[in-house]
Amino acid sequence: VEDAHELSSSSFVDAKEEYEDERVRQVKEFIAKNYMNDIGLKEMADLACMAPESFSRFFRNKTGRTPNRYLIDYRLGIAARLLLTTQHPVSEIGFSCGFNTLSHFNRLFRESKGCTPSEFRERF
């Protein structure tokens, strides 16, 4: 294989990886700024210039979580911090973190933390 020629350099691979990471970073920044609003998969995919299904697979490959799971986990993290650092009512915290109903907030919080938001506040 004496006639073999390199088609691309390792810097090409790094540039592609950097671009892919940039798309994930942009979506994460968008979530950080807008977590309190309704954010759909299509909106996140549009930011990454991808189809929703492709974006969902891409994001999961890069982060280990689906875009929706990342959004929920981000919201729950903010909510946990607010429960510990403020005296705002649980319902107000849930709504301010982007959860549409108190029951949905309570269910997701319990699944994630093993207790209700009120119990979490009392324990810590």
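Note that the coordinates shown come from a computational prediction; the quantities given were computed from them, not determined experimentally.

Colleague: I would appreciate a short explanation of the overall build of the chain in the present structure.
Modeller: Check the secondary structure of the chain and you find seven helices and zero strands. Helices (α) and strands (β) of the chain occur, in sequence order from the N terminus, as α-α-α-α-α-α-α. Here the chain holds 124 residues, and 31% of them are scored as buried. For the chain, contacts bridging at least 24 residues in sequence account for 50% of all contacts bridging at least 6.

Colleague: In this structure, what is going on with the packing of helix 4 (residues 67-85) against helix 6 (residues 102-113)? I would like to understand it.
Modeller: When two helices pack together, you describe them by how their axes are tilted relative to each other and by the distance separating the axes. Where helix 4 contacts helix 6, the two axes come as close as 11 Å, and the packing angle between them is 90°. Relative to helix 6, helix 4 is oriented roughly perpendicular. Seen from helix 4, the contacting residues are Ile72, Leu76, Ala79, Ala80 and Leu83; seen from helix 6, they are Phe105, Leu108, Phe109, Ser112 and Lys113. Here the contact of helix 4 with helix 6 is built from residues that sort into eight nonpolar, one polar and one charged.

Colleague: Explain the nonpolar core here, please?
Modeller: Side chains that are nonpolar tend, in soluble globular proteins, to be buried together. Within the largest apolar cluster, 30 residues are counted, with the highest numbers of intra-cluster contacts made by Val27, Ile31, Phe55, Leu76, Cys97, Phe105 and Phe109. With eight residues, the single largest contributor to this core is helix 4.

Colleague: Would you mind showing me how to read the pattern of salt bridges here?
Modeller: Pairing is possible between side chains that carry opposite charge, provided their charged atoms lie close to one another. Per the stated rule, a full pass over the model turns up seven salt bridges. One salt bridge connects Asp73 with Arg65, and the closest N-O pair in it is separated by 2.9 Å. Under the relative-accessibility criterion, Arg65 is labelled partly exposed at 30%. Where Glu111 meets Arg107, a salt bridge forms, and the shortest distance between an N and an O atom there is 3.1 Å. Taken as a pair, Glu111 and Arg107 lie in helix 6 at a separation of four residues, close to a single helical turn.

Colleague: What's the story with the side chain of Thr116 in this structure? I'm lost.
Modeller: Of note, Thr116 is situated in the loop between helix 6 and helix 7 (117-123). Thr116 sits in the buried class, given a relative accessible area of 16%.

The rules behind each value
- Residues numbered from 1 in each chain as written.
- Predicted model: local features only at pLDDT ≥ 70, side-chain atom pairs only at ≥ 80, totals over all residues.
- Heavy atoms only, no water.
- Helix = DSSP H or I, 4+ residues; strand = E, 2+ residues; numbered from the N terminus.
- Buried < 20%, exposed > 50% of the residue type's maximum accessible area, 1.4 Å probe, protein only.
- Contact = heavy atoms within 4.5 Å.
- Axes fitted to C-alpha atoms, helices over the stretch in contact; angles between N-to-C directions.
- Parallel < 35°, antiparallel > 145°, perpendicular 65-115°, else oblique.
- Nonpolar A, V, L, I, M, F, W, Y, C, P; charged D, E, K, R; others polar.
- Core = buried A, V, L, I, M, F, W, Y, C linked by side-chain atoms within 4.5 Å.
- Salt bridge = Lys/Arg side-chain N within 4 Å of Asp/Glu carboxyl O.

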